[in-house]
Amino acid sequence: MAMWWRAASGGLKTAALNSPPPLIRSRNSSYHTIQAIPRECSGSRVASRDRAQGRIPTVVFTQSLLEKSPRARPPSRKYLLTTERKQIKSILNSVRLPFFCSTTFGLQIRAGSGSSTLLESGKVLPIKIHRDEETGKILNLVLVWADEGSKLKVNVPVVFKGEEVCPGLKKGGYLNAIRTSLKFTCPSEHIPSKIEVDVSNLDIGDRIFMHDVEFHPSMELLSKSDAIPICKVMSTKSECVEPAKV
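What counts as what
Residues numbered from 1 in each chain as written. Predicted model: local features only at pLDDT ≥ 70, side-chain atom pairs only at ≥ 80, totals over all residues. Heavy atoms only, no water. Pairing = 2+ DSSP bridges. Helix = DSSP H or I, 4+ residues; strand = E, 2+ residues; numbered from the N terminus. Axes fitted to C-alpha atoms, helices over the stretch in contact; angles between N-to-C directions. Buried < 20%, exposed > 50% of the residue type's maximum accessible area, 1.4 Å probe, protein only. Arc of directions from axis to C-beta. Contact = heavy atoms within 4.5 Å. Polar contact = N/O pair within 3.5 Å; in protein donor to acceptor, adjacent residues only side chain to side chain. Phe/Tyr/Trp six-rings, centres within 6.5 Å; stacked < 30°, edge-to-face > 60°. Lys NZ or Arg CZ within 6 Å of the ring centre and 35° of its normal. Core = buried A, V, L, I, M, F, W, Y, C linked by side-chain atoms within 4.5 Å. Salt bridge = Lys/Arg side-chain N within 4 Å of Asp/Glu carboxyl O.

Consider a sheet: its strands pair through backbone hydrogen bonds, and that pairing is either parallel or antiparallel. Strand order in the open sheet formed by 3 strands is β8-β13-β11, with antiparallel pairing between adjacent strands. The sheet is open, and its two edges are formed by β8 (174–177) and β11 (207–209), each paired on a single side. Between one strand axis and the next, the sheet turns through 15 degrees on average, direction left out of account.

Laid out in structure tokens, this is it:
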């Protein structure tokens, strides 16, 4: 195992750390630490075997690996892993989608199931969950490293508040949610689990635009125009509805 890990990680030291470090906790991490073990190879047969054993094939790498320009890519720190389905389901029951993919977690990679040998640890951000279309069963999990000071691209869910006192809704209108998420580049330590949009003062026909949204100054909104509406209070269902965008 140690020989394979050194080869796969490009010289990663496998010193035995019998006293693991404190759990890594961030502002929005919900205090969960994902436990993982190395996966020696990939392929459908190996993945099927792991799933049959109650484990989820998982990969973690630096987000820069997705950059189109090879020159912009630092070392990827890409590792093939498996995680426990029971733990991931428990985390999803607590954090729930879509907030799971805008929440950072601790990751501890151990030498094997039940091992006290810690190979590597850090903070990660889930970016994708692959599910079986028919059963909804989790097939694969994709994570990116969220080291302190690193900047990540994140789709942050939009949550509307104040609907119960919204004048337009009280008059019989309804809220057309044009955007369900906003994409940002932001430091890993300032990733919000959600963006709240207050609609409590909207009347029929009123809209809220991207430039109306408040967020941390270190965050950069990734949009061609900040004049794009996020939501609009419509009068009736028969009005021309602007399609929702993810």
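Our next topic: helix α3 (residues 85–95). Residues three or four positions apart in an α-helix share a direction because the helix packs 3.6 residues into each turn. Considered for burial, the residues of α3 that qualify are Arg-85, Gln-87, Ile-88, Ile-91, Leu-92 and Val-95. The arc that holds every buried residue of α3, seen down its axis, measures 165 degrees, which confines them to one face. Turned more than 90 degrees away from the buried face of α3 sit Lys-86 and Asn-93, all of them exposed. One or two positions beyond α3, positive phi appears at Arg-96, with a value near 65 degrees.

Turning to the sheet that holds strand β1 (residues 33–38), a few remarks are in order. Here 6 strands make up a closed barrel; going around it, the order is β1-β3-β2-β6-β5-β4 and the pairing mixed. Neighbour to neighbour, the strand axes of the sheet diverge by 45 degrees on average, direction disregarded. Bridge count between strand β2 (residues 55–61) and strand β6 (residues 138–145): 4 bridges; the pairing is parallel. In the strand pairing of β6, Val-59 is matched with Val-142. Across the face of the sheet, helix α2 (residues 44–52) comes into contact with β2, β3 (79–84) and β6 while running at roughly 120 degrees to β2.

What follows covers unusual backbone geometry. The peptide bond linking Leu-97 to Pro-98 adopts the cis configuration, its omega dihedral lying at 0 degrees. With respect to the helices, strands and loops of the structure, Pro-98 is situated in the loop between α3 and β4 (105–110). Of note in this structure, Arg-96 is not a glycine but carries a positive phi near 65 degrees. Residue placement: Arg-96 occurs in the loop between α3 and β4.

Okay, the side chain of Gln-63 next. Position of Gln-63 among the secondary structure elements: in the loop between β2 and β3. Within the local environment of Gln-63, its side chain forms a polar contact with the backbone nitrogen of Lys-153, the two atoms lying 2.7 Å apart. The contacts of Gln-63, once residues within four sequence positions are left out, are Ile-127, Val-144, Lys-151, Leu-152 and Lys-153.

Applying the stated criterion across every chain, the model contains 3 aromatic pairs. With 5.3 Å between their ring centres and 40 degrees between their planes, Phe-100 and Phe-105 make a pair best called tilted. Of the residues examined, Phe-100 reaches a relative accessible area of 0% and is grouped as buried. Stacked on the ring of Trp-145, the Lys or Arg Arg-77 has its end atom at 4.0 Å from the ring centre.

Below, the discussion takes up the nonpolar core. It is characteristic of soluble globular proteins that their nonpolar side chains tend to be buried jointly. By size, the foremost hydrophobic cluster in this structure holds 30 residues, and its most contacted members are Phe-160, Leu-182, Val-197 and Val-199. When residues of this core are traced back to their parent elements, those giving at least two are β2, β6, β7 (151–161), β9 (181–187), β10 (195–198) and β13 (229–234). The element best represented in this core is β7, accounting for 5 residues. With residues up to four places along the chain from it excluded, the contact list for Val-197 reads Val-158, Val-159, Phe-160, Lys-161, Ile-208 and Val-213.

Under the criterion given, the structure shown has 6 salt bridges. Asp-50 serves as the salt-bridge partner of Arg-49, at 3.8 Å between the closest nitrogen and oxygen. Relative accessible area serves as the criterion here: at 47%, Arg-49 is assigned to the partly exposed category. Residue classification places Asp-50 among the buried residues on the basis of a relative accessible area of 7%. With its nearest N and O atoms 2.7 Å apart, the salt bridge here joins Asp-147 to Arg-77.

Now for α2. Of the residues making up α2, those classed as buried are Val-46, Ala-47, Asp-50 and Arg-51. What you see down the axis of α2 is that its buried residues fit within an arc of 135 degrees, all on one side. Across α2 from its buried face, at more than 90 degrees, point the exposed residues Ser-44, Arg-45 and Ala-52. Elements in contact with the buried residues of α2: β2, β3, α3 and β6. Among the residues trailing α2, Gly-54 stands out with phi positive, at a value near 80 degrees.

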